[in-house]
Amino acid sequence: MDETTSAPAGPRGGRQGRNPRGQGERLRDDVIGAALRLLNELGDDQALSMRAVAREVGVAATSVYIHFADRDALVLAALERFHGELVAAIDEAETGAADPAGKLRARVLLLGRWVQQHPGLYKVLHESTLNQRVAMSFKQELAERTTAAVQRCIDAGLAPDDDAAVVSLDLRAAVHGAVSMRVNQPDLPWPPLEEQVDRFLAKLVGLAIGGRPE
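Parameters and conventions
Residues numbered from 1 in each chain as written. Predicted model: local features only at pLDDT ≥ 70, side-chain atom pairs only at ≥ 80, totals over all residues. Heavy atoms only, no water. Helix = DSSP H or I, 4+ residues; strand = E, 2+ residues; numbered from the N terminus. Buried < 20%, exposed > 50% of the residue type's maximum accessible area, 1.4 Å probe, protein only. Contact = heavy atoms within 4.5 Å. Axes fitted to C-alpha atoms, helices over the stretch in contact; angles between N-to-C directions. Parallel < 35°, antiparallel > 145°, perpendicular 65-115°, else oblique. Left-handed = near helix turned anticlockwise from the far one by under 90°. Patch = residues over 30% accessible without salt bridge, like charges linked within 9 Å, V, L, I, M, F, W, Y side chains within 5 Å. Areas by Shrake-Rupley, 256 points an atom, 1.4 Å probe, with all protein chains shown as cover. Salt bridge = Lys/Arg side-chain N within 4 Å of Asp/Glu carboxyl O. Lys, Arg positive; Asp, Glu negative; His and termini not counted. Charge placed at Lys NZ, Arg CZ, Asp CG, Glu CD. Core = buried A, V, L, I, M, F, W, Y, C linked by side-chain atoms within 4.5 Å.

Chemist: Explain the overall build of the protein to me, please; I cannot follow it from the model alone.
Modeler: Looking only at helices and strands, one finds 10 helices and zero strands in the protein. Its helices and strands in sequence order give the protein the pattern α-α-α-α-α-α-α-α-α-α, from N to C terminus. Residues counted as buried form 44% of the 214 residues belonging to the protein. The long-range fraction of contacts in the protein, counting pairs at least 24 apart against all pairs at least 6 apart in sequence, stands at 70%.

See below:
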């Protein structure tokens, strides 16, 4: 997946005709897609303007305000879609792994690769001022799924018996810290993502290559 996942069809900046009756939802989707593209480019929700989104879609700014009262409402809707696509991509990545340890590793690796493809959106999702003003409860879904994945490793005897929620929090803190630093400090001599993920899984979860507890 790349940043065009949510992009509306048609050339960028091309003006659309008046939406026929019953197609208002499509315009809403197009506006969200345009906001996602711009947010990924800007990496800052405060730099986004409703007029810029309207130009991206090819409609008047008033058409955007019909669906979103203000910028915060639009950014929140865009981030919720982005996060939903991330959750779906991570769930899909799990299907290619044979055991709980492999599935957990696939989840973490997909997150890192997704961020590499969507660095600006990741910054807005986790570092924007919107986080201080709005409760993004939808982000809890990914946290809960990671905890469940850790618990499956414990239940299968692939990781030491421990509090899965605590282990999951430690793992998520490490992974998010690593991917955030990769986004914000790309010139550091970063090791391959796979190597860093394997160290996190070994030290924080207790997994090791071969599926035996560390």
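Chemist: Quick question: what am I supposed to make of the packing of helix H6 (residues 119-127) against helix H9 (residues 164-184) here?
Modeler: Here H6 crosses H9 at 125 degrees, and the two axes come no closer than 10 Å. One finds that H6 runs oblique with respect to H9. Classified by chirality, the crossing of H9 by H6 is left-handed. Along the contact surface, H6 presents Pro119, Tyr122, Lys123, His126 and Glu127, while H9 presents His176, Val179, Ser180, Val183 and Asn184.

Chemist: Is there a simple way to explain a negative patch on the surface in this structure?
Modeler: Together, Asp155, Asp161, Asp162, Asp163 and Asp170 make up a negatively charged patch on the protein surface. If you trace the backbone, aspartate 161 turns up in the loop between helix H8 (140-155) and H9.

Chemist: What exactly am I supposed to notice about the environment of alanine 77 here?
Modeler: Among the secondary structure elements, alanine 77 is positioned in helix H4 (residues 71-94). Among the residues examined, alanine 77 registers a relative accessible area of 14% and is labelled buried. For alanine 77, the residues in contact, after removing those within four places along its chain, are Arg28, Ile32 and Phe68.

Chemist: How should the nonpolar core be read in this particular structure?
Modeler: Side chains of a nonpolar character, in soluble globular proteins, are inclined to be buried together. Membership of the largest hydrophobic core comes to 63 residues, with the highest contact counts inside it found for Leu74, Leu104 and Leu207. At 10 residues, H4 tops the list of elements feeding residues into this core. If we ignore the near neighbours within four places in the chain, the residues touching leucine 104 are Thr146, Ala149, Val150, Cys153, Leu171, Leu201, Val205 and Leu207.

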